[in-house]
Amino acid sequence: MTVTLEVAEGVGTIRLDRPPMNALDTATQDRLKELAEEATAREDVRAVVLYGGEKVFAAGADIKEMEAMDHTAMVLRSRALQDSFTAVARIPKPVVAAVTGYALGGGCELALCADYRIAGENAKLGQPEILLGLIPGAGGTQRLARLIGPSKAKDLIFTGRQVRADEALTLGLVDRVVPAAEVYEQAHAWAARLAKGPALALRAAKESVDTGLETDIETGLAVERSWFAGLFATEDRQRGMRSFVEDGPGKAKFL
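Right, let's walk through the structure included here. (Residues numbered from 1 in each chain as written. Predicted model: local features only at pLDDT ≥ 70, side-chain atom pairs only at ≥ 80, totals over all residues. Heavy atoms only, no water.)

## Concerning the pattern of salt bridges
Scanning the entire structure with this criterion turns up 12 salt bridges. Among the salt bridges present, the one from Asp-25 reaches Arg-18, with a minimum N-O distance of 3.3 Å. Classification of Arg-18 by relative accessible area gives partly exposed; the value is 23%. Between Asp-155 and Arg-161 there is a salt bridge; the shortest N-O distance is 2.9 Å. (Salt bridge = Lys/Arg side-chain N within 4 Å of Asp/Glu carboxyl O. Buried < 20%, exposed > 50% of the residue type's maximum accessible area, 1.4 Å probe, protein only.)

Below is the structure:
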C-alpha cells in the first residue's frame, strides 16, 4: 500500500509510503482519500498525524504520470485530485502534519490540509508548479493564501521557490521547527494530547474556525453560536464544568 493508517491510543497516523520520494500518483491520491474518510468515521481515531517518513514528506505529484496526460484526461482527473486533499482537510478531528525533508507541490498542499504543521530543521517547502508551466491544483492557491496571506502566497506560487524550515516558520507556513529526528515524536505528542480532549467540542471548534474563514463573519458567528449552545447538551460539557467546579481548571478527563 502507498498510504497506510495505523491507530494507537486514539491517534491515527496516515503514513505515505511510496519510496523514494512519496510521489503522489493517482493511486496514492485515491488511497489517501479512502483513509481520510476512514479516519473520519472511526471512533477510535480522535486525532490524526500526517507523516511521510524520516527522510521526506512528499516531493509532489508523479510528474511522469502527469506528463502523459492531456487536457481531457486532466479535466476528468482534477476533481478527484482536489477531492482527495479536501477529504484530509475535512477530517473533523485535530490533524497535524509531521514534515521532514521535501514537502513540495502536492506535498506542500497536503501539509496545508492539516490544522498544525511541525517541521524538521531539514524541511523544504514550496509550490514549484509554475516551473512546469502550471499552477497548484490540489488546493494550493486557496489554502496557502488563507494561511499566510495573498502576497506571501503569490510570491511562493509565482516564483516556485523552495523555503527552508526557518523561513517557513517566519512566513507562518509551519508552526514549529524541531530537529528532524524529533518531528514524528512531537507531532504524535501534539495529537495524543488532543486525543484525550472532548471530541465533539474539538470538532465544533475546527468546523467553526474553518467555516468562518470561508464565509462572512455573520455566517461564521451563527455557526459558532449554534455549536456553542449545542455543546451544552453533551456529557463532555457536564464533565468539564463539574470538574472545574470541584477540582479546579484543567483537570477534567474526557471519554
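## Describing the nonpolar core
By size, the foremost hydrophobic cluster in this structure holds 45 residues, and its most contacted members are Leu-50, Phe-57, Leu-125 and Leu-173. Here this core takes 5 residues from helix H3 (residues 71-89), the largest share from any one element. When neighbours within four sequence positions are excluded, Leu-173 is seen to be in contact with Cys-108, Leu-112, Arg-117, Leu-125, Leu-144, Leu-147, Ile-148, Leu-156, Val-163 and Ala-168. With 14 residues, the next largest nonpolar core counts Tyr-51, Val-96, Ala-187 and Ala-191 among its residues. (Core = buried A, V, L, I, M, F, W, Y, C linked by side-chain atoms within 4.5 Å. Helix = DSSP H or I, 4+ residues; strand = E, 2+ residues; numbered from the N terminus. Contact = heavy atoms within 4.5 Å.)

## Observations concerning the sheet that holds strand E3 (residues 47-51)
As summarised here, the arrangement of the 6 strands in space is E1-E2-E3-E4-E6-E9, forming an open sheet in which the pairing is mixed. Because the sheet does not close on itself, it has two edges, and the strands there are strand E1 (3-8) and strand E9 (176-178). Across the sheet, the axes of successive neighbouring strands diverge by a mean angle of 20°, strand direction being ignored. Of the strand pairs in this sheet, strand E6 (residues 116-120) and E9 are connected by 3 bridges, and their pairing is parallel. Looking across to E9, one finds that Ala-119 is bridged to Val-177. (Pairing = 2+ DSSP bridges. Axes fitted to C-alpha atoms, helices over the stretch in contact; angles between N-to-C directions.)

## Observations regarding helix H9 (residues 199-213)
Between the first and last C-alpha of H9 there are 21 Å, a value that for 15 residues agrees with the 21 Å anticipated at 1.5 Å per step. Packed against the buried residues of H9 are H3, strand E4 (95-99) and helix H10 (217-230). (Expected span 1.5 Å × (residues − 1).)

## Concerning helix H1 (residues 26-41)
In this model, H1 (16 residues) spans 23 Å end to end at C-alpha, consistent with the 22 Å of a helix rising 1.5 Å per residue. Listing the buried residues of H1 in full gives Thr-28, Gln-29, Leu-32, Leu-35, Ala-36 and Ala-39. The buried side chains of H1 occupy one side of the element, clustering within an arc of 130° when seen end-on. Contacts made by the buried residues of H1 are with E1, strand E2 (11-16), E3, H3 and helix H4 (106-112). (Arc of directions from axis to C-beta.)

## Notes on the pairing of E3
Counting buried positions along E3 yields 5 of 5 residues, so the element is predominantly enclosed. Of the two faces of E3, both are covered, the one formed by Ala-47, Val-49 and Tyr-51 as well as the one formed by Val-48 and Leu-50. Here E2 runs beside E3; their pairing, made up of 5 bridges, is parallel. Within E3, the residue paired with Arg-15 across the bridge is Tyr-51.

## Focus on the sheet that holds strand E7 (residues 124-126)
As summarised here, the arrangement of the 3 strands in space is E5-E7-E8, forming an open sheet in which the pairing is mixed. Each end of this open sheet is capped by a strand with a single partner; those strands are strand E5 (102-104) and strand E8 (162-164). Between one strand axis and the next, the sheet turns through 20° on average, direction left out of account. Where E5 meets E7, 3 bridges bridge the pair, whose relative direction is parallel. Bridge pairing in E7 links Tyr-102 to Lys-124.

## Focus on the packing of H9 against H10
At a closest axis distance of 8 Å, the pairing of H9 and H10 adopts a crossing angle of 170°. The angle between the axes of H9 and H10 places the two elements in the roughly antiparallel class. Where H9 approaches H10, its residues Leu-200, Arg-203, Ala-204, Glu-207, Ser-208, Thr-211 and Gly-212 are matched on the opposing element by Gly-220, Val-223, Glu-224 and Trp-227. Looking at the contact of H9 with H10, its residues break down into 4 nonpolar, 4 polar and 3 charged. (Parallel < 35°, antiparallel > 145°, perpendicular 65-115°, else oblique. Nonpolar A, V, L, I, M, F, W, Y, C, P; charged D, E, K, R; others polar.)

## Re the state of the cysteines
Applying the stated criterion across every chain, the model contains 0 disulfides. Distance from the sulfur of Cys-108, which forms no disulfide, to the nearest cysteine sulfur (Cys-113) is 10 Å. (Disulfide = S-S within 2.5 Å.)

## A few points about the pairing of E2
The element E2 is extensively covered by neighbouring structure, given that 5 of its 6 residues are classed as buried. What sits between the antiparallel neighbours E1 and E2 is a turn of 2 residues, in which Glu-9 has the positive phi angle 55°.

## Brief notes about the packing of aromatic side chains
Counting across every chain of the model gives 3 aromatic pairs. When the ring of Tyr-116 is compared with that of Trp-190, the centres are 5.1 Å apart and the planes differ by 5°; the resulting orientation is stacked. Here Trp-190 lies in helix H8 (residues 183-195) and Tyr-116 lies in strand E6, a separation of 74 residues in the sequence. By the burial criterion, Tyr-116 is buried, and Trp-190 matches it. (Phe/Tyr/Trp six-rings, centres within 6.5 Å; stacked < 30°, edge-to-face > 60°.)

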